[in-house]
Amino acid sequence: AQKVTQAQTEISVVEKEDVTLDCVYETRDTTYYLFWYKQPPSGELVFLIRRNSFDEQNEISGRYSWNFQKSTSSFNFTITASQVVDSAVYFCALSELDTGRRALTFGSGTRLQVQP
Amino acid sequence: EAQVTQNPRYLITVTGKKLTVTCSQNMNHEYMSWYRQDPGLGLRQIYYSMNVEVTDKGDVPEGYKVSRKEKRNFPLILESPSPNQTSLYFCASSLSGTPGDEQYFGPGTRLTVT
């Protein structure tokens, strides 16, 4: 069965520090998708990125970057020069091709606190 | 504006009093689902619907019902709410339910059952 582990429950950094949020997944499928969502204090879920299992290229979007490594089943998320507005709970999620429910399997989330 | 709406956003109720949380999307999406979010557990799927009149159980369906009579609406029904259903609920939709589809989430409904 699929599983997503975010071992870091809470991380606290000072503004301008770089921070990496870890995500490790388990799946038996060869075709799957990985996602990151941000949940700011207001509570909504904000989509950040989607990656399919055949695309191991790292991605950079402004201060955000993602490192996908199939060899270690990890899809880590780095925020460079963190800002107070980055304070949120971040979820990693997995979706498998063979799962009829089309559900997203979420990790338990990592709460990031960026102090000024 | 493309969006998923949920109502109410906040609800405090008592054990056993039936309630409905509405969910509506304006993107003509076929796939809709409900999740609940609990501390330390992330989000877990309650029910999903691949299209009108097609619904099925997710990971945690006990105590919930759904219906999909119209494509745009997917209400979540708690016939006899209990305190363990206190949670943050999200409705989501995607174009076809294909795993690679981006799922659009509603703003969430915070439910407290006393």
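Residues numbered from 1 in each chain as written. Chains lettered and ligands numbered in written order. Predicted model: local features only at pLDDT ≥ 70, side-chain atom pairs only at ≥ 80, totals over all residues. Heavy atoms only, no water.

### Some remarks on the overall build of chain A
When helices and strands are counted, chain A shows zero helices and 12 strands. The order of α-helices and β-strands along chain A, N terminus first, is β-β-β-β-β-β-β-β-β-β-β-β. Burial status across chain A gives 50% buried among its 116 residues. Considering only residue pairs separated by 6 or more positions, chain A has 57% of its internal contacts joining residues 24 or more positions apart. Roughly 5,600 Å² of accessible area belongs to chain A as shown, and the carbon and sulfur atoms make up 46% of that amount. Between the averaged position of the 11 positive side-chain charges in chain A and that of its 14 negative side-chain charges there is a distance of 5 Å. (Helix = DSSP H or I, 4+ residues; strand = E, 2+ residues; numbered from the N terminus. Buried < 20%, exposed > 50% of the residue type's maximum accessible area, 1.4 Å probe, protein only. Contact = heavy atoms within 4.5 Å. Areas by Shrake-Rupley, 256 points an atom, 1.4 Å probe, with all protein chains shown as cover. Lys, Arg positive; Asp, Glu negative; His and termini not counted. Charge placed at Lys NZ, Arg CZ, Asp CG, Glu CD.)

### Here's the deal with the environment of Pro99 of chain B
Along the chain, the position of Pro99 of chain B falls in the loop between strand 9 (87-94) and strand 10 (104-105). Classification of Pro99 of chain B as buried rests on a relative accessible area of 3%. Sequence-distant contacts of Pro99 of chain B, defined by excluding residues within four places in its chain, comprise Tyr33, Phe35, Ser95, Glu96, Leu97 and Arg102 of chain A.

### With respect to the pattern of salt bridges
Counting across every chain of the model gives six salt bridges over all chains. Between Arg51 of chain A and Glu59 of chain A there is a salt bridge whose closest N-O contact spans 3.0 Å. Residue classification places Glu59 of chain A among the partly exposed residues on the basis of a relative accessible area of 29%. Across the pair Glu79 of chain B and Lys65 of chain B runs a salt bridge whose closest N-O atoms are separated by 2.9 Å. Placement of the pair is Glu79 of chain B in the loop between strand 8 (76-78) and strand 9 and Lys65 of chain B in strand 7 (residues 65-66), with a sequence separation of 14 residues. Glu79 of chain B sits in the partly exposed class, given a relative accessible area of 35%. Through salt bridges with shared partners, one network takes in Arg51, Asp55 and Glu59 of chain A. (Salt bridge = Lys/Arg side-chain N within 4 Å of Asp/Glu carboxyl O.)

### Quick word on empty space enclosed by the protein
In total, this model carries one cavity of 30 Å³ or more according to the counting rule given. The volume enclosed by the largest cavity comes to roughly 40 Å³. Taken together, Phe35, Ser95, Arg102 and Leu104 of chain A together with Tyr31, Ser94, Gly97, Thr98, Pro99, Asp101 and Gln103 of chain B form the lining of the largest cavity. When the residues that make up the lining of the largest cavity are grouped by side-chain class, the tally is four nonpolar, five polar and two charged. (1 Å grid on protein atoms, 1.4 Å probe; cavity = no way out; pocket = protein on both sides within 12 Å on 5 of 7 lines; lining within 4 Å. Points joined across faces, edges and corners; volume = space filled by probe spheres on them. Nonpolar A, V, L, I, M, F, W, Y, C, P; charged D, E, K, R; others polar.)

### As for the interface of chain B and chain A
Each partner contributes residues to the interface: chain B has 24 residues there, and chain A has 21 residues. For the pair chain B and chain A, the two sides together bury roughly 1,800 Å², of which 57% comes from carbon and sulfur. Going through the elements one at a time, strand 4 (31-38), strand 5 (42-51) and strand 9 of chain B are the ones with two or more residues in the side of chain B that touches chain A. Looking at which element gives the most residues to the side of chain B that touches chain A, the answer is strand 5 of chain B, with five residues. Within the side of chain B that touches chain A, the residues separate by chemical class into 11 nonpolar, nine polar and four charged. (Buried area = accessible area lost by both parts, 1.4 Å probe.)

### Considerations on the state of the cysteines
Residue and element names in this part refer to chain A. Under the definition given, this model contains two disulfides over all chains. Each sulfur in the disulfide pair Cys23 and Cys92 lies 2.0 Å from the other. In this structure, the disulfide formed by Cys23 and Cys92 twists by about -65 degrees around the S-S bond and is classed as left-handed. With Cys23 in the loop between strand 3 (19-21) and strand 4 (24-26) and Cys92 in strand 10 (residues 88-96), the pair connects residues that are 69 residues apart, well separated along the chain. (Disulfide = S-S within 2.5 Å.)

### Re the sheet that holds strand 7 of chain B
All names here are of chain B. Spatially, the four strands line up as an open sheet ordered 1-3-8-7, and their pairing is antiparallel. Two strands lie at the open edges of the sheet, namely strand 1 (4-7) and strand 7, each paired on one side alone. Looking at chain direction, strand 1 and strand 3 (residues 19-25) are connected through four bridges and run antiparallel. Within strand 3, the position partnered with Asn7 by the bridge is Thr22. (Pairing = 2+ DSSP bridges.)

### What about the packing of aromatic side chains?
On inspection of all chains with the given rule, the structure shows 20 aromatic pairs over all chains. When the centroid spacing of 5.9 Å and the interplanar angle of 45 degrees are considered together, the rings of Tyr37 of chain A and Phe106 of chain A count as tilted. With Tyr37 of chain A in strand 5 (residues 32-39) and Phe106 of chain A in strand 11 (residues 105-106), this pair connects stretches of sequence that are 69 residues apart. An identical accessibility class is assigned to Tyr37 of chain A and Phe106 of chain A; each is buried. With 5.2 Å between their ring centres and 90 degrees between their planes, Tyr64 of chain A and Phe77 of chain A make a pair best called edge-to-face. Of the two residues, Tyr64 of chain A is situated in strand 8 (residues 64-69) and Phe77 of chain A in strand 9 (residues 74-79); the sequence distance between them amounts to 13 residues. Cluster of aromatic residues (ring-pair linked, three or more members): Phe35, Tyr37, Phe47, Phe91 and Phe106 of chain A together with Tyr35, Phe90 and Phe105 of chain B. (Phe/Tyr/Trp six-rings, centres within 6.5 Å; stacked < 30°, edge-to-face > 60°.)

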